[in-house]
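# Structural overview
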Amino acid sequence: IRRGATVDKTVCKKNLGRLTRLWLKNEQERQHNYLKDGPYVSSEEAVAIYTTTVRWLESRKFSPIPFPPLSYKHDTKLLILALERLKEAYSVKVRLNQSQREELGLVEQAYDNPHEALSRIKRHLLTQRAFKEVGIEFMDLYSHLIPVYDIEPLEKITDSYLDQYLWYEADKRHLFPNWIKPADSEPAPMLVYKWCQGLNNLTDVWDTSEGQCLVLMETKFDKVFEKMDLTLLNRLLRLILDHNIADYITGKNNVVINYKDMNHTNSYGLIRGLQFASFIFQFYGLVLDLLVLGLTRATELAGPPEAPNDFLTFKDTKTETKHPIRLYCRYVEEFYMVFQFSSEEAKELIQRYLTENPDPNNENIVGYNNKKCWPRDCRMRLMKHDVNLGRGVFWDIKNRLPRSITSINWDDSFVSVYSKDNPNLLFNMCGFDVRILPKVRMVQEDFSISDGTWNLQNENTKERTAVAYLRVDSAAIEKFNNRIRQILMSSGATTFTKIANKWNTVVIGLMTYFREAVIHTRELLDLLVKCENKIQTRIKIGLNSKMPSRFPPVVFYTPKELGGLGMISMGHVLIPQSDRRWSKQTSTGITHFRSGMSHEEGQLIPNLYRYIQPWESEFIDSQRVWAEYALKRSEANAQNRRLTLEDLEDSWDRGIPRINTLFQKDRHTLAYDKGWRIRTEWKMFQVLRQNPFWWTHQRHDGKLWNLNNYRTDVIQALGGVEGILEHTLFKG
């Protein structure tokens, strides 16, 4: 299945059942071993972790989150948000099973008499310590499985309220420093952009004249969810929360997990399907960050508690340059670190590494991960010095984490070194493969601003000092491919419109997230053409024929109101090719194009990419629009009037988040909805359904794309309304 062979739907289902049972069997054994040999965390480690956290919270002047008082003033708002979150899962479903019906009923009931619901919730938080069993199922993504937990509806409402409460209170108290992502302030692509800009704005970042090196390490905490020790977690949570809530939270993780006839008690590890799991993990992750960074550097990165730093900025250059760790960012369990070493520091680190791990035959170069998706001359050049520095940095960080809690794996990591021998800085973040090439290292000055690149500007001099080249990484391409396979597999007897609609959501999800990165990823363009063809073939087979003349493009692309299927096209695109013979050695650039889909009629269907604004212009636009808004707002305040729609007309649909989100009717409630971005992303552990827009939420970010023009252009391309209606059966 993973290889991509065509398989029957039943084969897939049986395989999923088998895998589920195998996983559960393994999990039972793991839990059993923990009860037999555990806890694995030694008392010294636990004490060290605990004291580190205590010191950090003291230095941040953090006041613990109290138990929600009986007449808490934001109660109704938080409750409404919690209930809306639970209702969201049912917006499109028609058929419900028993427990889902019950859940909807309870949600309605809570809407009708909130006071009763709130007092019940608080009673449960205080007293309930034994919980109903949790069902588990797996979401099959054909490359890996995601556990989806099914929790008793009544408990779910309590959890959901607790989740909103914790995030809101933690945000008010600034519990989470700026490096903890996904943050509500920016969608993932914007985070990648900010990271590139932040990197580019470090002091003397691209200077290698005296042998300085820049090292970017990306890696992830290995098995961190499975290895969470509930006793330790409880102690850590008690530092930031009321002890009743801490006990409730750890109690909720210590439940019976059930699948058909298999049960076991979860006494070790986090259940990610709990509503508040994202909060627990971000806090637990913060503790791990402190171990990786050390308290002093963490404090310098976060800034003073009364005036915390913005993401990727420092108080002054002196603080920035006094320690090699220059930037840090953690996205759920993956983290990224940037180090800058002078040649002495680099030499010293390499020596320390090699004394402990001698390498007489220079074997370190073997097995050094590289980014294979870039042409050969754009990858990292494996020079002895740089490879040893990369391995040394990795080794140093690995030693800071106790194995009993989590560690980092060389195979999941990539350490990119920028030095006098290596002009490129490569990394992969949130599905984007990025290659940053500074202007000082470009062989020829090419300022042909092409699609699929971001220009990185120095804040002080305002000149473009580097270019970031973008691609979509292979995992994301694979994910898209598997999603299409799933649609084809599950649409044996579905209506044609449903198939077309599913295709549309997937393709819009992909294109609005990656935007300009798609155009330079040839594999993805090829795949889009292939998948669009497959979807159309599926529809044709439904009519027992694949004869092209019976299916002119009109059938598929005409909007529904005019009788078509309203498919959105991404396949009618010119795919850039470079001459094979030379492209192996150099990035010759594009020599010619190959057309994607074509039809006998030779009509060119507009392709979706052209109707979505590239991220770079979105971000630049956003800065401008929000600055203008601040200006207009202060003007209006000075003149003692309110802002009108006329003032904001041109910027209404711009900016990230869109300006118009400030004026929606439930903005006052939404202001209390903190941590919503990671909550949306972690929905995948609660609902057995894929959400192509996991990275955004329309009520917070606004609508980040607008396809009205696409429709009119499609109608034009197909020969206007008259031309389309020429194809009808009812003619004459």
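First, a word on scope: everything that follows refers to the structure included in this document. The written sequence of each chain sets the order in which its residues are numbered from 1. Local features in this predicted model are restricted to residues whose pLDDT is 70 or higher, and side-chain atom pairs enter the listing and the counts only when it is 80 or higher, whereas totals over whole chains, interfaces and linings include all residues. As a rule here, side-chain values come from all non-hydrogen atoms in the structure, and water together with hydrogens is ignored.

A word on the packing of aromatic side chains. Each pair of aromatic rings taken from Phe, Tyr and Trp, with Trp reduced to its six-membered ring, is defined by centres within 6.5 Å and is described as stacked if the planes are under 30 degrees apart, edge-to-face if over 60, and tilted in the remaining cases. Evaluated as defined, the whole model comprises 45 aromatic pairs. With centroids separated by 5.6 Å and ring planes inclined at 35°, the aromatic side chains of Phe432 and Tyr513 adopt a geometry described as tilted. Of this pair, Phe432 sits in strand 12 (residues 432-438) while Tyr513 sits in helix 16 (residues 496-514), and the two are 81 residues apart along the sequence. Assessed through its relative accessible area of 4%, Tyr513 is described here as buried. Chaining the aromatic ring pairs together yields one cluster made of Tyr193, Phe432, Trp454, Tyr513, Phe514, Trp615, Phe619, Phe693, Trp694, Trp695 and Trp705. In this structure, Arg471 is placed above the aromatic ring of Trp374, and the distance from its NZ or CZ to the ring centre is 5.9 Å. We count a stretch as a helix when DSSP gives it H or I for four or more residues in a row; a strand needs E for two or more, and each element gets its number in order from the N terminus. Think of it in three bands: with a 1.4 Å probe and only protein chains considered, a residue is buried below 20% of the maximum accessible area for its type, exposed above 50%, and partly exposed in between. To sit over a ring, a charge needs its Lys NZ or Arg CZ within 6 Å of the ring centre and within 35 degrees of the ring normal.

Turning our eyes to something else, we now look at the pairing of strand 12. With seven of its seven residues buried, strand 12 lies for the most part within the structure. Covered by surrounding structure in strand 12 are Phe432, Val434, Ile436 and Pro438 together with Asp433, Arg435 and Leu437, the residues of both alternating faces. Bridging between strand 11 (residues 425-429) and strand 12 involves five bridges; their strand directions are antiparallel. Each residue of the ladder has a partner; that of Asn428, found in strand 12, is Asp433. For two strands to pair, DSSP has to find at least two bridges joining them. In sequence, strand 11 turns back onto strand 12 through a hairpin of two residues, with Cys430 there showing a positive phi of about 55°. As paired elements, strand 12 and strand 14 (residues 464-472) share seven bridges and run antiparallel to each other. If you follow Val434 over to strand 14, its bridge partner there is Leu470.

Here we take up the sheet that holds strand 13 (residues 453-457). Spatially, the four strands line up as an open sheet ordered 11-12-14-13, and their pairing is antiparallel. Each of the sheet's edge strands pairs with one partner strand only, and the pair in question is strand 11 and strand 13. Between one strand axis and the next, the sheet turns through 25° on average, direction left out of account. Note on geometry: axes are lines fitted to C-alpha atoms, helical ones only across the stretch in contact, with angles between N-to-C directions running from 0 to 180 degrees.

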